[in-house]
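# Reading the structure
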Amino acid sequence: MHCPECSFVNVEGANYCQKCGVYLSRPDPQDEPTTMTYTVDESGEMHQVDIEDIVAKAGAALVIRAGGGRAGESFSLDSDQLSIGRSPESGIFLDDVTVSRNHALIVKRGADVYIDDLGSLNGTYVNRQRIESQLLGDGDEIQVGKYKLSFLAGEGAA
């Protein structure tokens, strides 16, 4: 069982993470809540969106799956580059001390989408592997600090 906070692999049946001590709850699959996907505008207002529409229009999107109470927030990849970091000027602003100011960069190279680590102290992870630069595929999990994001590719993307 993976810890939801630190991703440490614990023995099956453990109640607490052996690495960070967080409680490892086991929700009933029938009681799992669904997460609304949304965007936040300049005024801070949340607007529910259909992620499939965003992916179809922009070709790809990132969705925060865990971390910072922002699960479900989505970001369309409709430009050639999207910065990720603790700087408020970042395209994806992640307010966490383990995130560098300029942590990572999502870059379109032709029809492919890559994530490049920008020399961050704590690293960027794709599918639990630390990377320098990585081609992203549909469903890849990106971890930056305490945040976990999913990459969703549209038709014709990786």
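Residues numbered from 1 in each chain as written. Predicted model: local features only at pLDDT ≥ 70, side-chain atom pairs only at ≥ 80, totals over all residues. Heavy atoms only, no water.

### Thoughts on the overall build of the chain
What counts is decided by this rule: Every helix listed is a DSSP run of H or I at least four residues long, and every strand listed is a run of E at least two residues long, numbered separately from the N terminus. Only protein chains enter the area calculation, which uses a 1.4 Å probe; residues under 20% of their type maximum are buried, those over 50% are exposed, and those in between are partly exposed. Residue contacts follow a heavy-atom distance rule, with two residues in contact if any of their heavy atoms lie within 4.5 Å. Areas reported as accessible are Shrake-Rupley estimates using a 1.4 Å probe. Residue values count occlusion only from the protein chains shown.
Regarding its fold elements, the chain presents 1 helix and 13 strands. If you list the helices and strands of the chain from N to C, you get β-β-α-β-β-β-β-β-β-β-β-β-β-β. With 158 residues in all, the chain has 39% of them scored as buried. Summarising the internal contacts of the chain: among those between residues at least 6 apart in sequence, 32% fall at separations of at least 24. When the accessible surface of the chain is summed, it comes to about 9,200 Å², and 47% of that surface belongs to carbon and sulfur atoms.

### Some remarks on the pattern of salt bridges
Side chains carrying opposite charge are able to pair once their charged atoms draw close together. Heads up, the rule is: Throughout this description, the term salt bridge denotes a Lys or Arg side-chain nitrogen within 4 Å of a carboxyl oxygen of Asp or Glu.
Applying the stated criterion across every chain, the model contains 2 salt bridges. Notably, a salt bridge pairs Arg70 with Glu73, separated by 2.7 Å at the nearest N-O pair. The exposure class assigned to Glu73 is buried, which follows from its relative accessible area of 8%. Measuring nitrogen to oxygen at the nearest pair gives 2.5 Å for the salt bridge that ties Asp116 to Arg109.

### Remarks on the nonpolar core
For the record, the criterion: Take the buried residues of types Ala, Val, Leu, Ile, Met, Phe, Trp, Tyr and Cys, join any two whose side-chain atoms come within 4.5 Å, and each joined set is a nonpolar core.
Ranked by size, the top nonpolar core spans 23 residues in total, and within it Ile106, Ile115, Ile142 and Phe151 carry the most contacts. Put simply, the parts of the chain that give this core at least two residues each are strand E3 (60–66), strand E5 (81–85), strand E7 (104–109), strand E8 (112–117), strand E12 (141–144) and strand E13 (147–153). The element best represented in this core is E13, accounting for 4 residues.

### Observations regarding the packing of aromatic side chains
Let me state the cut-off plainly: Stacked, edge-to-face and tilted are the three classes for Phe, Tyr and Trp ring pairs, Trp counted by its six-membered ring, which pair at centre distances within 6.5 Å; planes under 30 degrees apart are stacked, over 60 edge-to-face, the rest tilted. Consider the ring centre and the ring normal. A charge sits over the ring if Lys NZ or Arg CZ is within 6 Å of that centre and within 35 degrees of that normal.
Inspection of every chain in the model, using the stated rule, returns 1 aromatic pair. Lying across the ring of Tyr114, Arg109 places its NZ or CZ 4.7 Å from the centre.

### Considering unusual backbone geometry
Phi angles above zero are rare outside glycine, and Ser7 is one such case at about 70°. Tracing the sequence through the fold places Ser7 in the segment before strand E1 (38–40). Ser7 gets classed as buried once you look at its relative accessible area, which sits at 15%. One non-glycine residue, Asn127, adopts positive backbone phi at about 50°. You can call Asn127 partly exposed: its relative accessible area is 39%.

### Considering the side chain of His103
Our working rule: Contacts described as polar in this section are N or O atom pairs within 3.5 Å, which, within protein, must combine one atom able to donate a hydrogen with one able to accept it, while residues neighboring in sequence count only if both atoms come from side chains.
Within the secondary structure, His103 is located in the loop between strand E6 (92–93) and E7. Of note is the side chain of His103, whose polar atom sits 3.3 Å from the side chain of Thr124. With near-sequence residues (within four places) excluded, His103 lies in contact with Ile84, Gly85, Thr98, Asp116, Asp117, Leu118, Ser120, Gly123, Thr124 and Val144.

Without other data, these values stay purely geometric and don't point to any function.
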